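Single-letter residue listing:
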Amino acid sequence: MAEVHYMTQEGLEKLKKDLEEALSQRPVISAAIAEAREKGDLSENAEYDAAREAQGLLEIKIANLKNKIANAKVIDESQVGTDKVQMMNKVKIKNLGNNMVMEYTIVGETEADFAKGKLASTTPIAKALLGHKKGDVVEAKVPAGVLKFEILDITL
């Protein structure tokens, strides 16, 4: 069974744009391969090898993007509640170890951006938060050990 990729409509549109850009690179790489091929002996042609490698990497990228788009499940933000933590919620938490307060939006893996406060639902912290209510204390097993967080607020 294919892995479902949860995302917003905005995230899906970005993936489609990325796929379009990757597909537009195919003719460029094909031309580079053809040009390198014209230069003679392919066994010692570094330009040809580099172009073929670039083509392989591009095809992998295209396949990955197509897979993510095909298995995308767009989350209807109007259906997201705030009674318990779920995808697309903005969660304000307090680390009970150092009393630091943080705020994260729980998103699908393709939209995660820790610097922007977008936490992938597959991370240990997000997994620990999902399904819990405001006021709950949860434990997240992270590489550094176990962290305890109190859920201060859940918003959209």
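Here, the structure is the one placed above.
A brief structural summary. Chains are numbered independently. Their residues run from 1 in the order of the written sequence. In view of the model being predicted, local features appear only for residues whose pLDDT reaches at least 70, and side-chain atom pairs are presented and counted only at 80 or more, with totals across whole chains, interfaces and linings using the full set of residues. Here the side-chain values reflect all heavy atoms present in the structure, with hydrogen atoms and water set aside.

1. A few points about unusual backbone geometry
The criterion, for reference: Helical segments are the DSSP runs of H or I of at least four residues, strand segments are the runs of E of at least two, and each set is numbered from the N terminus. Note on classification: 1.4 Å probe, protein chains only; a residue is buried when its accessible area is under 20% of the maximum for its type, exposed when over 50%, partly exposed between these limits.
Even without being a glycine, Met-88 presents a positive backbone phi close to 80°. Mapped onto the secondary structure, Met-88 falls in the loop between β2 (72–74) and β3 (90–95). Positive phi, normally seen in glycine, also occurs at Asn-99, with a value near 60°. On the basis of relative accessibility, which here comes to 52%, the residue Asn-99 falls in the exposed class.

2. Observations concerning the sheet that holds strand β6 (residues 137–142)
Put simply, the rule reads: Here, any two strands with at least 2 DSSP bridges between them count as paired. Every axis in this analysis is a line fitted to C-alpha atoms, fitted for helices over the stretch in contact. Angles between the N-to-C directions lie between 0 and 180 degrees.
Taking strand neighbours across the sheet as the criterion, the 5 strands line up as β5-β4-β3-β7-β6 in an open arrangement whose pairing is mixed. On the outer flanks of this sheet lie β5 (118–120) and β6, each paired with one strand and no other. Strand-to-strand, the axes of this sheet are offset by a mean angle of 45°, without reference to chain direction. Of the pairings in the sheet, the one linking strand β4 (residues 101–107) to β5 comprises 3 bridges and is parallel in character. In the sheet register, Val-107 faces β5, and the bridge partner there is Ala-120.

3. Some words on the pattern of salt bridges
The test is simple: When a carboxyl oxygen of Asp or Glu lies within 4 Å of a side-chain nitrogen of Lys or Arg, that pair is called a salt bridge.
Counting across every chain of the model gives 6 salt bridges. For the salt bridge of Lys-116 with Asp-113, the shortest nitrogen-to-oxygen distance reads 3.9 Å.

4. Here we look at the nonpolar core
Side chains of nonpolar character tend, in soluble globular proteins, to be buried together. The cut-off we apply is this: As used here, the term nonpolar core means buried Ala, Val, Leu, Ile, Met, Phe, Trp, Tyr and Cys residues forming a set that is joined through side-chain atoms within 4.5 Å. Any pair of residues with heavy atoms lying within 4.5 Å of one another is described as a contacting pair.
One finds Ile-93, Ile-106, Ile-125, Leu-129 and Ile-151 to be the most contacted residues of the largest nonpolar core, which totals 21 residues. Breaking this core down by element, the ones donating at least two residues are β3, β4, α3 (124–129), β6 and β7 (145–155). Among the elements that line this core, the one with the most residues is α3, at 4 residues. Not counting the four nearest positions on each side in its chain, Ile-151 is found in contact with Val-85, Val-91, Lys-92, Ile-93, Leu-129, His-132, Lys-133, Lys-134, Gly-135, Asp-136 and Val-138.

5. Quick look at the pairing of β4
Counting buried positions along β4 gives 5 out of 7 residues, so the element sits mostly inside the fold. Between the antiparallel neighbours β3 and β4 lie 5 residues, among them Asn-99 with a positive phi of about 60°.

6. Brief notes about the layout of surface pockets
Over the atoms, a rolled probe matching the size of one water molecule traces out where space is still vacant. Note the cut-off: Only protein atoms enter the calculation, which uses a 1 Å grid: trapped sets of points that fit a 1.4 Å probe without letting it out are cavities, open sets showing protein on both sides within 12 Å along at least five of seven lines are pockets, and any residue with an atom within 4 Å of a point is a lining residue. Grid points are joined across faces, edges and corners, and a volume is the space filled by probe spheres set on the points. Think of it as three bins: nonpolar holds Ala, Val, Leu, Ile, Met, Phe, Trp, Tyr, Cys and Pro, charged holds Asp, Glu, Lys and Arg, and polar takes everything else, Gly as well.
Here the largest pocket defines a volume of roughly 270 Å³. Taken together, Glu-10, Gly-11, Lys-14, Leu-15, Asp-18, Leu-65, Lys-68, Thr-110, Glu-111, Asp-113, Lys-116 and Lys-118 form the lining of the largest pocket. Looking at which element gives the most residues to the lining of the largest pocket, the answer is helix α1 (residues 9–37), with 5 residues. A breakdown of the residues in the lining of the largest pocket according to their chemical character gives 2 nonpolar, 2 polar and 8 charged. Considered as a void within the structure, the second largest pocket measures approximately 180 Å³ in volume. Along its surface, the second largest pocket is lined by Thr-8, Glu-10, Glu-77, Val-80, Met-88, Thr-105, Val-107, Glu-111, Lys-118 and Leu-156. For the lining of the second largest pocket, the class distribution of residues is 4 nonpolar, 2 polar and 4 charged.

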